[in-house]
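Here's the letter readout for the chains.
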Amino acid sequence: MKLLGGNLDFLKSQTAIKISAFIFISVAFFYLGKHWSDGSRQLIFFSRQSPSQTTPSITISPNFNKEFNISALINATDPVTDSNPASSAEIKENSAPPPPAPPPPDPIKTYGIVDENGTMSDEFEVGEFDPDSVENWGNGTEVEGESENEDVRVTFKVKKFGLCGENMREYIPCLDNVEAIKRLKSTEKGERFERHCPEKGNELNCLVPAPKGYKPPIPWPRSRDEVWFSNVPHTRLVDDKGGQNWISKSKDKFKFPGGGTQFIHGADQYLDQMSKMVPEITFGNHIRVVLDVGCGVASFGAYLLSRNVLTMSIAPKDVHENQIQFALERGVPAMVAAFATHRLLYPSQAFDLIHCSRCRINWTRDDGILLLEVNRMLRAGGYFAWAAQPVYKHEEALEEQWEEMLNLTTRLCWNLVKKEGYIAIWQKPFNNSCYLNREAGTIPPLCDPEDDPDNVWYVDLKACISRLPENGYGANVAPWPARLQTPPDRLQSIQFDSYIARKELFKAESKYWNEIVASYVRALHWKKFKLRNVMDMRAGFGGFAAALIENQLDAWVLNVVPVSGPNTLPVIYDRGLIGVMHDWCEPFDTYPRTYDFLHAAGLFSIERKRCNMSTIMLEMDRILRPGGRVYIRDSIDVMDELQDIAKAMGWHPALRDTSEGPHASYRILACDKRLLR
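Computed from a prediction, not measured in an experiment: that's the story for all the values here.

Draft legend 1. Geometry of the pairing of strand β16 (residues 578-582). Most of β16 sits inside the fold, with 5 of its 5 residues counted as buried. Here β16 shows no split at all, with I578, V580 and H582 on one side and G579 and M581 on the other all buried. The pairing of strand β15 (residues 556-562) with β16 spans 5 bridges and is parallel. Its bridge partner lying in β16, V560 is registered against V580. Read from β15 through helix α16 (residues 569-574) to β16, the crossover connection turns out right-handed.

Draft legend 2. Region of the structure containing a nonpolar patch on the surface. Side chains of I19, F22 and I23 sit close together on the surface and give an oily, nonpolar patch of about 330 Å² of accessible area. Positionally, I19 belongs in helix α2 (residues 14-37).

Draft legend 3. Molecular detail of the state of the cysteines. One pass over the structure, following the stated rule, counts 6 disulfides. Between the sulfur of C174 and that of C197 lies a disulfide, 2.0 Å long from S to S. Its torsion about the S-S bond being 105°, the disulfide of C174 and C197 is classed as right-handed. Here the residue C174 occupies a position in the loop between β3 (152-159) and α5 (178-182), and C197 occupies one in the loop between α5 and β4 (226-228), the gap between them amounting to 23 residues. Under the relative-accessibility criterion, C174 is labelled buried at 1%. In this model, C356 is linked to C359 through a disulfide, with the two sulfur atoms separated by 1.8 Å. Between C356 and C359, the S-S torsion sits near -80°, and that sign places the bridge as left-handed. Pair check on accessibility: C356 and C359 agree, each one buried. Going through the protein chain in sequence order and numbering each bonded cysteine, the pairs you get are 1-4, 2-3, 5-6, 7-8, 9-10, 11-12.

Basis of the calculations
Residues numbered from 1 in each chain as written. Predicted model: local features only at pLDDT ≥ 70, side-chain atom pairs only at ≥ 80, totals over all residues. Heavy atoms only, no water. Buried < 20%, exposed > 50% of the residue type's maximum accessible area, 1.4 Å probe, protein only. Helix = DSSP H or I, 4+ residues; strand = E, 2+ residues; numbered from the N terminus. Pairing = 2+ DSSP bridges. Right-handed = clockwise from strand over helix to strand, strands pointing away. Patch = residues over 30% accessible without salt bridge, like charges linked within 9 Å, V, L, I, M, F, W, Y side chains within 5 Å. Areas by Shrake-Rupley, 256 points an atom, 1.4 Å probe, with all protein chains shown as cover. Salt bridge = Lys/Arg side-chain N within 4 Å of Asp/Glu carboxyl O. Disulfide = S-S within 2.5 Å.

Right under this line is the structure:
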C-alpha cells in the first residue's frame with residue numbers, strides 16, 4: 001500500500017507535469033507540421049523495398065525531374081539587416097559579376113582499346129582480315145594522308161610506291177645483285193652465294209609483287225605436309241629430288257612426304273636412329289637448338305618441331321634455289337646462308353647439335369676452315385652428325401675423304417662417339433684442356449685470345465680453333481624447358497651499360513613482354529590470328545619470343561639482333577631460342593612473303609639516325625606475306641612518318657595507345673598488308 005501511495009504522489013509532482021506538457025506540445029507540433037505541408041512538394045530520400053524483392057536493382061530517384069526553389073527557402077529564413085531599398089540596390093550595383101565558368105578540359109585522345117584511364121578493355125573485337133580481298137593498287141601515284149599538330153589537321157598527299165616487275169617476285173636484294181657478282185675476282189670458294197648488297201642509291205624502291213594465283217598459306221600444322229603450288233610455282237626440285245622422297249606435286253599442291261637424300265624412309269625413323277646410337281642425344285631436353293646445313297626442304301627440322309627442338313635450316317640460293325622458300329612456306333624456321341668465306345651470322349656455342357646430310361660441303365678444304373666454323377658455332381659438349389657417302393661407301397676416293405675427316409676431327413679434339421649405317425656422330429670437348437695438350441705446331445692452332453668468336457658481321461672465316469671460355473660459360477645450360485626462363489651465365493659477358501643487376505634486367509624484360517603479349521592474347525585475340533612465322537626485329541634478350549611460348553601461341557620467332565646495339569645473341573641461344581645478327585640499313589637474307597608477323601619495338605627511333613626509314617619499311621613489305629601484320633612499338637615522334645610510309649605501300653595502319661595510356665610517349669602502329677594487284 002505504501003508503494004502504491006508513493007507512485008500516486010509522484011504523478012502529482014511538478015516534474016511529472018512538465019514531462020506530460022512536453023510530450024503534448026511535441027505531438028501537437030508534429031500534427032500541425034504535417035497538416036501545413038500536405039500541399040507542398042517533399043524531398044524523398046529513401047523508399048521502402050518489399051521484403052520479397054531480393055533481386056538487386058537500380059531505381060530512379062523519386063526526386064527525378066522535380067524542381068525545388070531552394071533560394072526562396074533561404075531568402076525566407078534570412079534575417080532582415082537593412083530595410084532601406086536604396087541601400088540594397090546600391091550593393092547590387094557595386095557588386096562584381098560572378099567569374100565565368102572554366103572551359104571544359106580538352107578531350108583525351110585515345111587510340112584502340114585503351115580508355116582515358118590507361119586501362120585495357122577486354123570488350124574489343126578485332127575484325128579478321130580476309131586475305132581473298134585483293135586491293136587494286138592501280139596506276140595512281142598518290143594516296144591521301146592526314147596529320148594533326150597542335151589541334152590543326154593537315155591533309156596531304158603521299159607518293160605511292162609502285163609495284164616492281166614480275167621478274168622480281170622472288171627478289172633477294174643482297175643475293176641477286178648480278179652486277180656485283182660479275183665483278184667478283186673469284187667464285188671458287190662460294191663467294192657468289194654470299195651477301196653483295198646494292199650500292200647506296202640503288203636500293204629497292206618498289207613493292208615486290210606476289211605470283212599470279214597467290215593464296216593465303218595453308219595453316220600449320222597442315223603446312224608441314226603440303227603447300228599451294230601457286231605460292232611457290234617451281235618444279236625443279238620435284239624433277240631433281242622427287243625420287244628421294246623430298247617433294248612431289250599433286251594437282252594444285254606440293255606434298256612433302258618427310259624424306260631426305262639419306263633418310264628416304266622418313267625423318268622420324270632417322271631421328272629415332274640417332275637417339276639410339278647416342279642415348280645422350282635427348283631431343284627436347286638437352287638437345288633444344290639445332291643447325292641443319294644444306295637442309296633441302298627442311299623436313300629434318302620440320303619433324304624435330306614435334307620433339308620440342310628448334311632447328312635453324314640453312315642452304316644457299318644455288319641451283320635448288322627455292323629450297324629455303326619451300327621451308328618457310330611450310331612454316332619451318334629457315335634462312336638463306338652459305339659456308340663460303342665469311343662467318344655465318346650466328347654466335348659461338350649457339351647449337352646443341354649441327355647436322356649435315358649430303359650437304360655437299362668439302363669440310364676438309366683449306367685446313368678445315370669450314371669445319372672450324374662449325375666448331376665455333378657448336379656448343380661445348382655438343383654433337384656433329386654427318387650423313388654422307390664417305391661414312392658408308394668403300395670406294396677408294398670416298399675412303400680417302402673419310403680418313404681426311406677423321407684426321408681433322410682428331411686435331412679438333414672431337415670424339416667419334418658412334419658410326420653406324422649412313423651416320424657418324426662426333427662430340428666437341430667441354431673445355432680447352434685437349435687443345436692445350438696437343439703437340440706444338442699442330443694445325444689448326446688456337447685463335448688469339450683477343451679474337452671475339454661472337455663477332456660475325458662481315459667477318460672473314462679464320463683457320464683457327466675458337467677458344468672456349470675458361471669460366472665454362474655456354475657449356476652449362478639448363479635442360480629444356482627450364483632454360484627458357486633461367487638467366488644464363490653468358491648474360492654476364494654481354495657488353496652494354498647496365499645500372500641494375502643483369503639477372504634482374506633479364507627477368508624484368510621477360511615479365512614485361514609476358515604481360516604485354518598476355519594482354520594482346522586477351523584483348524586482341526591473338527590466338528585467332530594465323531601466326532606461324534614471326535620475326536622480332538629488335539629482340540633484346542628474346543623476351544617477346546619467350547612470351548609467345550609462355551602464352552602457348554603455336555609460332556616460332558626469328559630473333560634479330562641489330563648490329564647497332566649490344567650483341568645479345570649468346571643469351572638468346574642459351575635460352576633455347578634462335579636468332580641472327582643483322583644491320584637494318586641493309587636487306588635481309590630471306591625470300592619475299594615469308595613472315596606472317598613482324599614485331600619492331602624501339603627499332604625506328606634508334607635506326608633512323610643511321611638508316612632511311614622508308615628503306616626499312618620497304619624491306620619489311622618485301623618479307624611480309626599478304627594478309628600479314630606488323631606491330632611497331634615506338635616513340636610518338638616517328639609515328640607520323642611511319643604512317644605516311646605505310647599508306648604509300650598500301651598497308652592499312654592504325655595507331656593505338658600502349659597500356660601506359662594516352663599520355664605515354666610511346667604508341668603502337670598496327671598495320672595490315674593486303675594483296676596488291
